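# Geometric and topological summary
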Amino acid sequence: MVETPSLSLRSQQHPLIRSLADAIEAIWREHLELAPYELPGDLGYVEGRLDGDRLTIENRCFQTSQFRKLHLELAQVGQMLDILHCVMFPRPEYPLPMFGCDLVGARGQIGAAVADLSPVSDDRALPTAYRDALQHLPPEIFSQPRELPPWGDIFSEFCVFVRPAGPQEEARFLQRVRSLLEIHCTQASRSEPGTPDQRRTNFAGQQRYCLQQQQNDKTRRVLEKAFGVEWAETYITTVLFDLPVA
């Protein structure tokens, strides 16, 4: 079992980001056998400047029998912007969807909160066991839903993308993510490797997911402005959304 020390950046971030980061790691430790995952170069902790403010990025990564990479990123720009980004990358042998979650807070308020279990199958449908479990979750009502970006066709019909209005909706979003993670980790622990054909399908689905996510211009612009075009491309394609190895 891998122990996860508290991160210095986490204590300075929005309370929902702190709570969600703690919850993600606690559920991982409860359900999965974690092993270290080494990021390329010196990309675990990065500092730069953005419009005169310090940009700090802290990455925490693990791997398991079912997942080639569990990635939790926390980032902060001065006192203005707080970010949480998390993706669980299954090993292509396992027929598992992609868990992804992002929080963006500006000036003390969460402006965007998104979480999903995104299918990788040819028919863009989640496995039956996932659908059954998700359909039994209580409905979560948010007053300010947000529209998915043009490349968002990778997400499932269960995707939550909202601007939480106050502490009650923030608590609802936190609970929804906890539920998604509990379902995902439970299903993953029961999963068995598939056939070579299934592996090829899973591999193609993960590639599609990563390539679509790499089209997020907002993330790219921030990284390019702080670190340069070449560094941003390397970070996006090797840390945030690296493609599985064939």
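Structure report, in brief. (Residues numbered from 1 in each chain as written. Predicted model: local features only at pLDDT ≥ 70, side-chain atom pairs only at ≥ 80, totals over all residues. Heavy atoms only, no water.)

## Notes on the packing of aromatic side chains
For clarity, the cut-off: Pairing of aromatic side chains here covers Phe, Tyr and the six-membered ring of Trp, requires ring centres within 6.5 Å, and sorts the geometry by plane angle: under 30 degrees stacked, over 60 edge-to-face, intermediate tilted. A run of DSSP states H or I qualifies as a helix once it reaches four residues; a run of E qualifies as a strand once it reaches two. Both are numbered from the N-terminal end. Accessible area is worked out with a 1.4 Å probe on protein chains only. A residue is then buried under 20% of its type maximum, exposed over 50%, and partly exposed in between.
Per the counting criterion, the structure on display carries 5 aromatic pairs. Taken together, a centroid distance of 6.5 Å and an interplanar angle of 65 degrees make the contact between Tyr209 and Phe241 edge-to-face. Taken as a pair, Tyr209 in helix 4 (residues 196-213) and Phe241 in the segment after helix 6 (229-240) lie far apart in primary sequence, 32 residues in all. For the pair Tyr209 and Phe241, a shared accessibility class is recorded, and that class is buried. An aromatic cluster is built from Phe227, Trp231 and Tyr235, whose rings are joined through pairwise contacts.

## What about the pattern of salt bridges?
Keep this limit in mind: The working definition used for a salt bridge is a side-chain nitrogen of Lys or Arg within 4 Å of a carboxyl oxygen of Asp or Glu.
Counting across every chain of the model gives 10 salt bridges. For Lys225, the salt bridge is made with Asp51, and the minimal N-O distance between the two is 2.9 Å. You can see Lys225 sitting in helix 5 (residues 217-227) and its partner Asp51 sitting in the loop between strand 2 (45-50) and strand 3 (53-63), a full 174 residues away along the chain. The exposed category is assigned to Lys225, whose relative accessible area is 55%. Put simply, Arg220 and Glu233 hold a salt bridge, and the shortest N to O gap is 2.6 Å. Linking Arg220 in helix 5 with Glu233 in helix 6, this pair joins segments that are 13 residues apart in sequence. Residue classification places Glu233 among the partly exposed positions, given a relative accessible area of 34%.

## A look at the layout of surface pockets
Cut-off, in case you're wondering: A cavity here means a set of points on a 1 Å grid, drawn over the protein atoms and nothing else, where a 1.4 Å probe fits but cannot get out; a pocket is an open set with protein on both sides within 12 Å along at least five of seven lines, and a residue lines either one if it has an atom within 4 Å of a point. Grid points are joined across faces, edges and corners, and a volume is the space filled by probe spheres set on the points. All amino acids are sorted into three groups, where Ala, Val, Leu, Ile, Met, Phe, Trp, Tyr, Cys and Pro are nonpolar, Asp, Glu, Lys and Arg are charged, and the leftover types, Gly among them, are polar.
In this structure, the largest pocket spans a volume of roughly 980 Å³. If you go around the largest pocket, you meet 33 residues; those closest to its centre are Asp102, Val104, Asn216, Lys218 and Thr219. Counting only elements with at least two residues in the lining of the largest pocket, the list comes to strand 3, strand 4 (67-77), strand 5 (81-90), strand 6 (98-106), strand 7 (109-118), helix 4 and helix 5. In terms of residues, the lining of the largest pocket owes the most to one element, helix 5, which gives 6 residues. In the lining of the largest pocket, the residues fall into 19 nonpolar, 6 polar and 8 charged.

## Some words on the pairing of strand 7
Our working rule: Strands are treated as partners if at least two bridges between them are detected by DSSP.
Burial analysis of strand 7 places 8 of its 10 residues in the buried class, the great majority of the element. Pairing analysis gives 9 bridges linking strand 6 to strand 7, with the strands arranged antiparallel. By the bridge assignment, Ala106 is partnered in strand 7 with Gln109. In this structure, the hairpin formed by strand 6 and strand 7 is closed by a connection of 2 residues, where Arg107 is found at a positive phi of approximately 50 degrees. Judged from the 3 bridges that link them, strand 7 and strand 8 (residues 160-162) form a sheet pairing that is antiparallel. Bridge pairing links Ala115 to Val160 in strand 8.

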